[in-house]
Amino acid sequence: MVVSKFFSVMLLALLGLSGLGALDAVHAAENADQTGAAPAAAPTKSSFKISTDKTVLFHDGTGFKLYIALTTPRPISAGDLNYTVLNKDFTVGNVVFSSTNEYTHTWVIPLVPNRAGLIKIPPMPVGNTSDLSTPKFDLKVKQVEGIRAKNYIKAQLRAQNPIKNQLAMYRVEVDNLPQVKITTYTPPKGAGVHFELFAERTVSRASAGNRFYKTTIREYKAVFTKEGQITIQGPSISGNVLSGNGESQFMQKAKDVTITVGPNPENLIVSDNLSISVNWNPVDENIHVGDPITRTITYIATNNSLSQLPRVPVPDFNEMDFEYYEDVTTETEQLMRNKQLKSTRVVKQVFVPLRNHTKFVADQSVIEWKNPNDGKVNSIVVLGTTYDINGFSFSDYIPRDPKTAYKVFAAIVAGILFIIFIIYSILMYRRRYGIYGWLHQRVDYMGYWRAFAGSWKKDDPIKCRTAIIEWAQKRWPEKTIVGLSGLPFYNNPGVKEEMEKLSCACWSKGADASKWDGKKLYKLVSKNKNYKKPKAKRGINPYGLNGEIYETVRQTLK
């Protein structure tokens, strides 16, 4: 049994755990006796076995795996091991937990040493009780020599006391030596800071022995999005290094940066320098419909990205009175010699008036920004302007509301069609074409009657007789009327008697001359002014019941 413990201690020393101490080595050796086949029964006590996957550990960024095996009768889960003590001297990767059976459990912890030397690991508790923890042990990490000792990656943050919303440039340099092959690159990151790659370039450099190599330089825009203490995890690279002993893997990481970000309670734009200039065109304040109003805005900022630049508000205007266009003519970001970022943007805004007798008003606006160097809040006043739109345009009288415009358009079309109809009717009326001929005839009849009524003299029988005959000749031109008996309605009831009285009044003197009644006769003539020849009745009797003569229609006797 003593010999077995001796060989176990020697084995652990070869695995890089030579600094565990005599007592811990014996403890580990006791644990080593329990490896192999699963025990038939539950163990009566808890024991640990600690080892690494490499016999020699280097501070070269390559990393190694730490194995912690626990045999215990207690139930164990993945989160029971508290390994936070390792964060002091190592960069801890993703931990993998596994169980061989219900009593044997293993944690595999990837570690990258942050320093060389003898690193003492204190006990790490397991579970919520204080009676179960790993034994303390030592890990000896050697400092690399030669080419592997060189830092291939370096990073620099160009900000000392940033505040929230501030932008700072973050520079990363990676040396590509001839005997170094870099296979992966991981960019920087951090909670509370947003990184965006601005530029990447490769330059040639010479070493102390006049050996040339390439360096890749990456410039990042880092924007601090929250206040308080934040940690920027440096970028890392990994790959292979060629040396006299062959090829070996490596992994290097730039130093982490812990920085305190100051508050920005107003949440203002943060800039080392910000300027906004505005140019209005035309100069004349009186313009007409269609004349464009142009506002050119130029933004220039130091240590601001284009996405951080403010925006001058667009003036309020009625969309029915103006059309609006916007074009960004210039957008540039340039890293100056002093390593400050200069951003420039030129915006062209165009307002085209659509109606006269309106006014374009752009109120002045104020934009505030904060200087991180002195903490002062600065204000930029953006001047406004006023334009009067005068002149004449038919568009001024076109309603802007689509529903109203449709109604007006329909009314205009209806009016045009009505005018065309009137012109057409006049032409057809004059030509007496179709229904217009009939209409023209009705109008003529009305004219004849008005002339008759105007010449009627109820006390002068001669003039009345003449007026009746002249009117009847015009009213029924197809008939030959030379006397009163030639009137088409002469035989109608009551007409013949009154006409004979009128004739007696014209040619006789004495008692017969005073029997005619001008008023009664006028009413009879008025009643028959639209007299039409009756349609012939079917039959062989050409006479009506009252003695009227009708045209005979020949009837076919059956």
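Here goes a summary of the coordinates provided. Treat the numbers as computed from the prediction; the structure is a model and nothing was measured. (Residues numbered from 1 in each chain as written. Predicted model: local features only at pLDDT ≥ 70, side-chain atom pairs only at ≥ 80, totals over all residues. Heavy atoms only, no water.)

Looking at the overall build of the chain
In terms of helices and strands, the chain carries seven helices and 27 strands. The long-range share in the chain, meaning contacts at least 24 apart out of those at least 6 apart in sequence, stands at 63%. For the chain, the accessible surface area stands at approximately 33,500 Å², while carbon and sulfur atoms represent 54% of it. (Helix = DSSP H or I, 4+ residues; strand = E, 2+ residues; numbered from the N terminus. Contact = heavy atoms within 4.5 Å. Areas by Shrake-Rupley, 256 points an atom, 1.4 Å probe, with all protein chains shown as cover.)

Quick look at the environment of phenylalanine 489
Relative to the helices and strands, phenylalanine 489 is located in the loop between α5 (461-475) and α6 (495-507). Along the sequence, phenylalanine 489 and lysine 533 sit 44 residues apart, while their C-alpha atoms lie 8.5 Å from each other. Every residue in contact with phenylalanine 489, bar those within four places of it in the chain, is listed here: Trp471, Trp476, Val495, Val525, Asn528 and Tyr531.

Quick word on the sheet that holds strand β7 (residues 117-121)
The sheet built from three strands is open, its strands ordered β2-β8-β7 with mixed pairing. Looking along the sheet, the strands with just one partner apiece sit at the ends: β2 (57-58) and β7. Where β7 meets strand β8 (residues 137-142), five bridges bridge the pair, whose relative direction is antiparallel. Bridge pairing in β8 links glycine 117 to valine 141. (Pairing = 2+ DSSP bridges.)

Remarks on the sheet that holds strand β26 (residues 377-382)
Read from one edge of the open sheet, three strands run β18-β25-β26, paired in mixed fashion. Single-partner strands in this sheet number two, and they are β18 (269-270) and β26. Where β18 and strand β25 (residues 365-370) come together, two bridges link them in parallel fashion. Note that in β25 the partner of isoleucine 269 across the bridge is tryptophan 369.

Observations regarding the environment of leucine 335
Inspection of the secondary structure assignment puts leucine 335 in strand β22 (residues 322-335). For the pair leucine 335 and phenylalanine 198, spaced 137 residues apart in sequence, the C-alpha to C-alpha distance is 9.1 Å. The contact partners of leucine 335, leaving out residues within four places of it in the chain, are Met169, Phe198, Glu219, Gln340 and Leu341.

Some thoughts on the pattern of salt bridges
Per the stated rule, a full pass over the model turns up 18 salt bridges. The residue glutamate 219 makes a salt bridge to arginine 158 at a minimum N-O spacing of 3.2 Å. On the criterion of sequence distance, the pair formed by glutamate 219 in strand β13 (residues 212-224) and arginine 158 in the loop between β9 (153-157) and β10 (167-176) is long-range, its members being 61 residues apart. Judged by its relative accessible area of 3%, glutamate 219 is buried. (Salt bridge = Lys/Arg side-chain N within 4 Å of Asp/Glu carboxyl O. Buried < 20%, exposed > 50% of the residue type's maximum accessible area, 1.4 Å probe, protein only.)

Some remarks on the pairing of β26
Two strands pair when backbone bridges link them, and β25 and β26 are joined in this way by six bridges, in the antiparallel orientation. Paired with lysine 370 across the bridge in β26 is valine 377.

With respect to the side chain of glutamate 498
Inspection of the secondary structure assignment puts glutamate 498 in helix α6. Sequence-distant contacts of glutamate 498, that is, excluding residues within four places in its chain, are made with Asp517, Lys520, Leu521 and Leu524.

A word on the packing of aromatic side chains
According to the stated counting rule, one finds 18 aromatic pairs in the structure shown. Between phenylalanine 64 and phenylalanine 90 the ring centres are 6.0 Å apart and the planes differ by 80°, which places this aromatic pair in the edge-to-face class. Of the two residues, phenylalanine 64 sits in strand β3 (residues 64-71) while phenylalanine 90 sits in strand β4 (residues 90-92), which places them 26 residues apart along the sequence. Aromatic pair phenylalanine 97 and tryptophan 107: ring centres 5.1 Å apart, planes at 50°, arrangement tilted. Of this pair, phenylalanine 97 sits in strand β5 (residues 96-99) while tryptophan 107 is found in strand β6 (residues 104-113), placing the two residues 10 residues apart along the sequence. A residue is classified by how much of its surface remains accessible, and phenylalanine 97, at 25% relative accessible area, is partly exposed. (Phe/Tyr/Trp six-rings, centres within 6.5 Å; stacked < 30°, edge-to-face > 60°.)

Section: α5
Between its first and last C-alpha, α5 extends 21 Å over 15 residues, near the 21 Å set by a 1.5 Å rise per residue. Among the residues making up α5, those that are buried are Pro461, Cys464, Ala467, Ile468, Ile469, Trp471, Ala472 and Arg475. (Expected span 1.5 Å × (residues − 1).)

Overview of unusual backbone geometry
With an omega dihedral of 10°, the bond running from asparagine 281 to proline 282 counts as a cis peptide bond. Mapping proline 282 onto the fold places it in the loop between β19 (273-281) and β20 (286-287). With a phi close to 55°, asparagine 267 is a non-glycine residue in the positive phi region. Along the chain, asparagine 267 turns up in the loop between β17 (257-261) and β18. Taking relative accessible area as the criterion, asparagine 267 reaches 48% and is therefore assigned partly exposed. A positive phi angle, near 60°, is found at asparagine 303, a position not held by glycine. Summarising the element assignment, asparagine 303 is placed in the loop between β21 (293-302) and β22.

As for the packing of α6 against helix α7 (residues 518-527)
It is at 10 Å that the axes of α6 and α7 come closest, and there the two elements cross at 135°. Comparing the axis directions of α6 and α7 gives the class oblique. Between α6 and α7 the crossing geometry is left-handed. Contacts from Val495, Glu498, Met499 and Leu502 of α6 reach α7 at Lys520, Leu521, Leu524 and Val525. (Axes fitted to C-alpha atoms, helices over the stretch in contact; angles between N-to-C directions. Parallel < 35°, antiparallel > 145°, perpendicular 65-115°, else oblique. Left-handed = near helix turned anticlockwise from the far one by under 90°.)

Here we look at the side chain of threonine 302
Here threonine 302 lies in strand β21. Take threonine 302: its relative accessible area is 18%, and that puts it in the buried class. Here threonine 302 is in contact with Ser271, Asp272, Asn273, Gln340 and Leu341, once residues within four sequence places are set aside.

So, the packing of α5 against α6
Orientation of α5 relative to α6, taken along the N-to-C sense of each, is 130°, at an axis distance of 8 Å. Looking at the two axes, α5 sits oblique to α6. α6 is crossed by α5, and the crossing has left-handed handedness. Residues Pro461, Ile462, Cys464, Arg465 and Ile468 of α5 form the contact with α6, whose own contacting residues are Met499, Leu502, Ala505, Cys506 and Trp507.

Some points on a nonpolar patch on the surface
Residues Val408, Phe409, Ile412, Val413, Ile416, Leu417 and Ile420 make up a contiguous nonpolar surface patch of roughly 650 Å² in combined accessible area. For isoleucine 416, the position within the fold is in helix α3 (residues 402-431). (Patch = residues over 30% accessible without salt bridge, like charges linked within 9 Å, V, L, I, M, F, W, Y side chains within 5 Å.)

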